[in-house]
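The primary structure of each chain is shown beneath.
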Amino acid sequence: RTNMSVARTSESLQALHLPLLPDDWIDNLWESDFTDVDSTWPDDFQTVLEHEGWLLGALSNAVDALIPWVTEKTEPVQQNFWLTLKDCEVTVRGLTALIYGLVANCDKKILCGPERESAVLAARLYVTVLRVPGSGAFKVFHPFVYQKCVELLRGWSTRNVSTGGKKRGHPFGQKGGKQRKQRRGECSSLRGNAISLDDNDDDQELPQSQSSASDSDEVHRLQTDLLRDVVLMLGDTSLRAYVQCIEQLIQIFSSLTRMEFDDKPISSISARDVATTQSPRQLAFIGLQALCQPLHGSTPHTLLVIFKCLTPNLLMLLPDGRLVPSSTTIPRRLVETKNITADFICHVIQSHADNKDVQTAVRTLVQQLCVRVADRAEYRVKVAQTVCHILNQLPVMVFSGLVSWIRTLAKTTQVCNRMMALEVLVCLAMTGQFGGKDGGCHASLPLAGNETFNVEHLICIMLARFSDRSPNVRSKALSCVAACATHKILKHKLKQLLYPQEEQMGENDALTAHRADVVLPLLVRRTTDEKSPVRRVALQVLESVLLLDLTSVTEEMLNTFYHRSMDPSLSVRKQALSSITNLLMALPHNTILHSLWLDAVLPVIVDQETSAQEKCLELLDTVILKNIVDAEKSSSVELELAWNLLDVLASKHGQQLRRHLQKVCLSWGRQKKLNNALVRSLISHAQDVDSHTDGAWLVLSCISPYCSIDAQFVLDNYRRVSSQQMSESDLECQILSIMGNMASQLTRESMETLESELNQRLMQTATDLELVSSIITCLTNFNDQLCNLSEDKHHRLLHWARPIFKSSAEYIRKAVMGEASSDADSSLVCHLFTAGELAQRCPDLLDDDLCGMVQSLIVGRPDHVSAEARVGMSVTARAHAFITLGKLCLQKKELAKESVGLLVQELEENDDPVVRNNVIVVMRDLCVRYTSMVDHYIPNIALCLQDRAPFVRRQTIILLTNLLQEDYIKWRGSLFFHFVMSLVDKDREIRQFAKFCLVHLLLIRHPEMFFQHFVECVFHFNGYEAHPVYNKFMQSEKEKTVFCLKGNEQRVNRMTIYRFLLENVTDEQRFQITARLSQDVLGGVVDDVIPLNGDSVHVIGDTLAVLCSPEIKLTQLRSRSGGDEGQEVMEDENPAEAALAKAKTKIVSQLVKKTVMETVVPIIIALKQMLERAHSPLLRELMTYLQELMKDYKDELHDIMAADRQLASEIEFDLRRFEAEKKEAARAAEQSARVLTPHAQMVSPMVSMQPLNSGLRTPLSKSAPKLREAAVQRSHFKRNQALIVSSGSPMLAPTQTSGSRLKSPAPGSAGKATEEQQMVSREAGGQENLKRITSSEMARCPVERKGKESKSPRPSTSHCRAISTPAREHPSISFRAPTRASVSLAMPPSPIQHETSVIFLDYPQDKTEKRVWNIVSPVSQPIPLTQCMVPFIYSLLFLVLQP
């Protein structure tokens, strides 16, 4: 066998034509270490290569010949191989040079073809030679040649690779079968079938395409063999001394694991499968596993590199490192790759279970996964599952340390990290293996300081995030707890935590803060969160927590679900309906819940959203409709619950809900859910006196238009009920409704008999108005059924209605004349109602006598009637008279013209609230019918917004909202200002209802109404009428008195209205409001349009307070200054809309900055000087606004003030003194134990109107004209100056500044100041900031230095965090890298060993100190005259000669 191997080896090696390679060419390659050398083939050898097809056959035979030498491990065989090489005159140097030439000269862009196949075979030959025992002694291995050979695995043929969703079978995803084109200049026939990456080829034919496909398959097979040989070589050949080769192999293997090959899923990664597997991905994982052996060096170091390269697999990134587009789901292939990689890591952990360094590397990997996961929900969920899978393979101590780190991660400042920590924690809890590979769900983990950590503590972390400042974190925390509440094991843990037994009450103080009495009120607050996803999940959690212990259900909790059923968000409404239904099923005997459930569910049938209506029908079908069965079978709890609900609807409480039930039955009728079986079940209950009779008749009356009911059964029950002396009116009304709906089923004789009986009942004295309405409706239906033609219907209607109408009119006349009995008020009300109902159905019945009598009832009986008779009519009868008059006016326009003035008069003068309420209802109907007639009286109606009775004010809000929605009236005159005053109503429910109407009903209809009326609100609510433009509409003296918010005592209410309006406008509208307030109000004061006197002081004060308020700031500025994360994009929102809104906000922010610099700042400076001269108390509020500008636009103000240093010094000095006075006043207030009232705290900053201390006015104001004159002279020189402080030492850094400056605007010239400021901005806009001296100036100013030293050091933690978000930074982590997407091998201390170690991230928190203007008072530091010299000399003297 050995002789055959020698002969075959000799023959194959001689076919390589190694003697044709010149020795100098070989020596040149070796001497240069195969780097930076021209490896072009000699001409003779190039001819041989082209003639023999790139030595494909010879290389293949050589590889096959060398394989027996690899498998034999005996020493004689090893010596025979190397002797064979010597006998064949084949040197290792020559063979290596040949292999290197074939590999190096292969074009990387050529993916298949003879040249690529030759290069891969040469690489296989080199790897095979390296595998032959004894290759190390002959120094065959050269690292650069080896790297070149292995590099061929990077250019994997794409014939059998699916590339990101492109059409499989076309390597580069072309549609239409277009092939790749040969590069220009390549004429070799041997390269004719090669596939290039350069140009497209539209002329390739199908046979050539098939040839290219076959070549690609061949290259793929050869590359797989090369990969297998490399993996086998790693099993017995050490690369310990070649770190670069190891790292290159790791990178190549990792990239192969991410490629999408057309192979089956990997079942195992065992090294035994190397010889048989054909999967490149499986071979790559086996290769990575082989590199972890001690044979190749330090295992922990190698694992760090492997984990770094495999991190994109676990993060499910695309091959180019990008995320999957948010509009698509994560591809299944990426998920499979992630799972296989996780299995590989778990296999590595099990193989090195006792190696602490390996455990440290795994800890680092877990930390990196947690902080680098994509900020998207689907990514976090899957990566969290992977993290839990890895954690469960670790020992308990390592597991404990990582859980402790994740617990700390849940308190960091980054929102995405807190979200990921919650995801991992809930995944750990739900896996059922909490405590590593040796733990369980009941395990307690040891922590530092003899602490333990179990599942209850984990749930407490989630509960603590309920008050997170980020809405996304709040929503995620709530979702996690909701998942725990539905888990079969964690549900009991959560119950033990929230509702502990008496013996467990004092066991753990850390868990006491999360009892039900603390968590439930917090959940109720979360149901009113500003973000709808948070509200929705909070309802779900509240439901789950209440179901854990039904004894904790209170009326307050149930009212929470009821109120959320009217939430503006559709998802919240649907969740509230589901939650309250689940509670109803759990508490079927709770009578309070019965009423609340009906009040919450039934009105949703008229919801604007179709899905909400479907949800309502679904719940009603489940709870009520499906549980209506025969009386004999109604014994279960669910069936009894359905009838209890129907009984509530049939009672007085359900009177307002019955109209919704009728619409529900209409929808059920369309869906064919109302059948004869349902009717029979209802009849069985209606016949049973002891059963739920009222509920059965109610449902029968609602479904009668859509079902066939036994007529004889209905008639018998009607006669039985009507014959009773004390008949139930509700039951009789329902039977009459059924009779009217089933008129088509009755015979003519039956209808005529019933018609005669009903006429007689109407002629008699009836007291129940609903019964009268039901009788008239039933008679109308009989009339329509008995007559076919419309003329006959009208004639017959007059026939039976006229006697009844005349009877009612006669009774009304007697009541007016005082001839009726004194106890006949109920009869009068009944006759008034009957006359009104008949007049609506038959207007021909009206006559002037009846109209006059009804008017007389309103204004009072005639004078000839006795006084006793005049005072006999009750308020109830008079209130019904207004309703009847309204019905008559709707049918007669002339009567409406006569009566509208009377109605308005009663609206203003009547003392009875019931009468005023009815008049409002009548005025609403008249406005719809005769809009132009009533429009003139809208201000009179609006006066009722300040009515004494709360329900009248509420009725007025409903009336005006309805008319404004339907465009019957407009926002003209003072209507808007009167309406928004309901926001400060004394009644809390009216305030909430007014907010709901304004935001969710009217603002949708008129999106700009808040913006359009805002500036005028400032003038109107302060009663300022001297402005030539604003507050010029007509108002009566009564309106001015009733709607008055003037004075300091009403400032709290004014600020409440301002804040509400600003909270509900867009950023663009906030920007325009800021500009208009600055120009029209503050600019008007500067230009003497608004005189500075006692009438205007409140207008100016409100304007400055509004400009200082956080509500007027843009979203970006608000979140930046306050640390508010409430403006972040919620995960449930549309990503495209969120991106558009973000871009829009950015543009508006830039526009606002420009406007503030060019328009607002000049006006503020001019107004400041004006107020200083007038010693105005408004100066305090102006300085407060200037402080806010410094916070929001600090850099921009530095730039703009650089043109006038004296003006900047003056402003700086004033601000410093102002801040000092504020602190001094605060200390004095604290010492005197004076506490502000809650109302005073609601007002915007600095609401006090007291004058400022005289020390606030800087002495610089006296010398300002001279300084500005000097500045004008200096402006003619070009200055190059910038003073930079570095490590406490000032040094010069020249920077160009413009000669132009910001001139101090003269009083009364706001427009001129604005123009000058715009010119300065254009001249100095692109120049750098003018930096100032800090340490040197402080050293030269002992007073200022002393003040600064007296201040306490600034804490390192941020002051803009929420209470529930600790200021602690990240704990320990490694892989520190310059970018978030990359990983390094730096290993900081482990958190398991060092609890105080810190995390190293590539995006640290901004801890730079705020820039402070260190401007010193010009009194103690006069300006040197040398400032007028040459810029360079001026810069030196400014540092040297300045005292």
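A few points on the structure. For clarity, every value in this text was computed on a predicted model and none was experimentally measured.

Working note: a packed helix pair is described by the angle between its axes plus the distance between those axes. Where helix 6 (residues 92-104) contacts helix 8 (residues 143-151), the two axes come as close as 10 Å, and the packing angle between them is 40 degrees. When the interaxial angle is binned, helix 6 and helix 8 end up oblique. Relative to helix 8, the crossing made by helix 6 is left-handed. For the pair helix 6 and helix 8, contact is made by Thr96, Ile99, Tyr100 and Val103 and by Phe144, Val145, Lys148 and Cys149, respectively. When grouped by side-chain class, the residues that make up the contact of helix 6 with helix 8 number 6 nonpolar, 1 polar and 1 charged.

Moving on: helix 32 (residues 711-722). In an α-helix, one full turn covers 3.6 residues, which means residues spaced three or four apart are oriented alike. Under the 1.5 Å per step criterion, the end-to-end length of helix 32 is 16 Å for 12 residues, consistent within 8% with the ideal 16 Å. Regarding helix 32, the residues found buried are Ala711, Phe713, Val714, Leu715, Asn717, Tyr718 and Val721. In this structure, the buried side of helix 32 is in contact with helix 30 (676-687), helix 31 (693-703), helix 33 (729-741) and helix 34 (748-763). The distance from a side-chain oxygen at the start of helix 32 to the backbone nitrogen of Gln712 is 3.4 Å, and the residue carrying that oxygen is Asp710.

Looking now at unusual backbone geometry. Here the phi dihedral of Lys672 falls at roughly 60 degrees; this positive angle occurs in a residue that is not glycine. Mapped onto the secondary structure, Lys672 falls in the loop between helix 29 (658-670) and helix 30. A positive phi angle, near 60 degrees, is found at Asp967, a position not held by glycine. Relative to the helices and strands, Asp967 resides in the loop between helix 45 (950-965) and helix 46 (975-980). For Asp967, a relative accessible area of 29% translates into the label partly exposed.

What follows covers the side chain of His1020. Examined against the element boundaries, His1020 turns out to sit in helix 48 (residues 1009-1021). Judged by relative accessible area, which is 6%, His1020 ranks as buried. Once residues lying within four places of it in the same chain are set aside, the contact partners of His1020 are Ser974, Phe977, His978, Asn1031, Phe1033 and Gln1035.

Let us now look at the packing of helix 35 (residues 769-786) against helix 37 (residues 825-841). It is at 10 Å that the axes of helix 35 and helix 37 come closest, and there the two elements cross at 30 degrees. Classed by the angle they form, the pair helix 35 and helix 37 counts as roughly parallel. When the axes of helix 35 and helix 37 are compared, the crossing they make is right-handed. Touching Leu769, Val772, Ser773, Ile776, Thr777 and Thr780 of helix 35 are Val829, Cys830, Phe833, Thr834, Glu837, Leu838 and Arg841, all from helix 37. Of the residues in the contact of helix 35 with helix 37, the class split is 7 nonpolar, 4 polar and 2 charged.

A general feature of soluble globular proteins is that nonpolar side chains tend to end up buried together. In terms of nonpolar packing, the biggest core is built from 402 residues, with Tyr146 and Trp597 touching the most fellow members. Broken down by element, this core gets its largest block of residues, 12 residues, from helix 54 (residues 1135-1174). With residues up to four places along the chain from it excluded, the contact list for Trp597 reads Ile580, Thr581, Leu584, Leu619, Leu620, Val623, Ile624 and Leu645.

Opposite charge on two side chains lets them pair, provided their charged atoms get close. Going through the model one piece at a time under the given rule, you end up with 43 salt bridges. Here Lys493 ties to Glu456 by a salt bridge, and the two come within 3.6 Å at their closest N and O atoms. Of this pair, Lys493 sits in helix 20 (residues 490-498) while Glu456 sits in helix 18 (residues 455-464), and the two are 37 residues apart along the sequence. The two residues Lys493 and Glu456 agree in class, both being buried.

This part takes up the packing of aromatic side chains. In this structure the tally under the stated criterion is 17 aromatic pairs. Here Trp30 and Phe34 contribute two aromatic rings whose centre-to-centre distance is 5.1 Å and whose plane-to-plane angle is 70 degrees, an arrangement assigned as edge-to-face. Among the residues examined, Trp30 registers a relative accessible area of 15% and is labelled buried. A relative accessible area of 0% places Phe34 in the buried class.

Rules and cut-offs
Residues numbered from 1 in each chain as written. Predicted model: local features only at pLDDT ≥ 70, side-chain atom pairs only at ≥ 80, totals over all residues. Heavy atoms only, no water. Axes fitted to C-alpha atoms, helices over the stretch in contact; angles between N-to-C directions. Helix = DSSP H or I, 4+ residues; strand = E, 2+ residues; numbered from the N terminus. Parallel < 35°, antiparallel > 145°, perpendicular 65-115°, else oblique. Left-handed = near helix turned anticlockwise from the far one by under 90°. Contact = heavy atoms within 4.5 Å. Nonpolar A, V, L, I, M, F, W, Y, C, P; charged D, E, K, R; others polar. Expected span 1.5 Å × (residues − 1). Buried < 20%, exposed > 50% of the residue type's maximum accessible area, 1.4 Å probe, protein only. Polar contact = N/O pair within 3.5 Å; in protein donor to acceptor, adjacent residues only side chain to side chain. Core = buried A, V, L, I, M, F, W, Y, C linked by side-chain atoms within 4.5 Å. Salt bridge = Lys/Arg side-chain N within 4 Å of Asp/Glu carboxyl O. Phe/Tyr/Trp six-rings, centres within 6.5 Å; stacked < 30°, edge-to-face > 60°.

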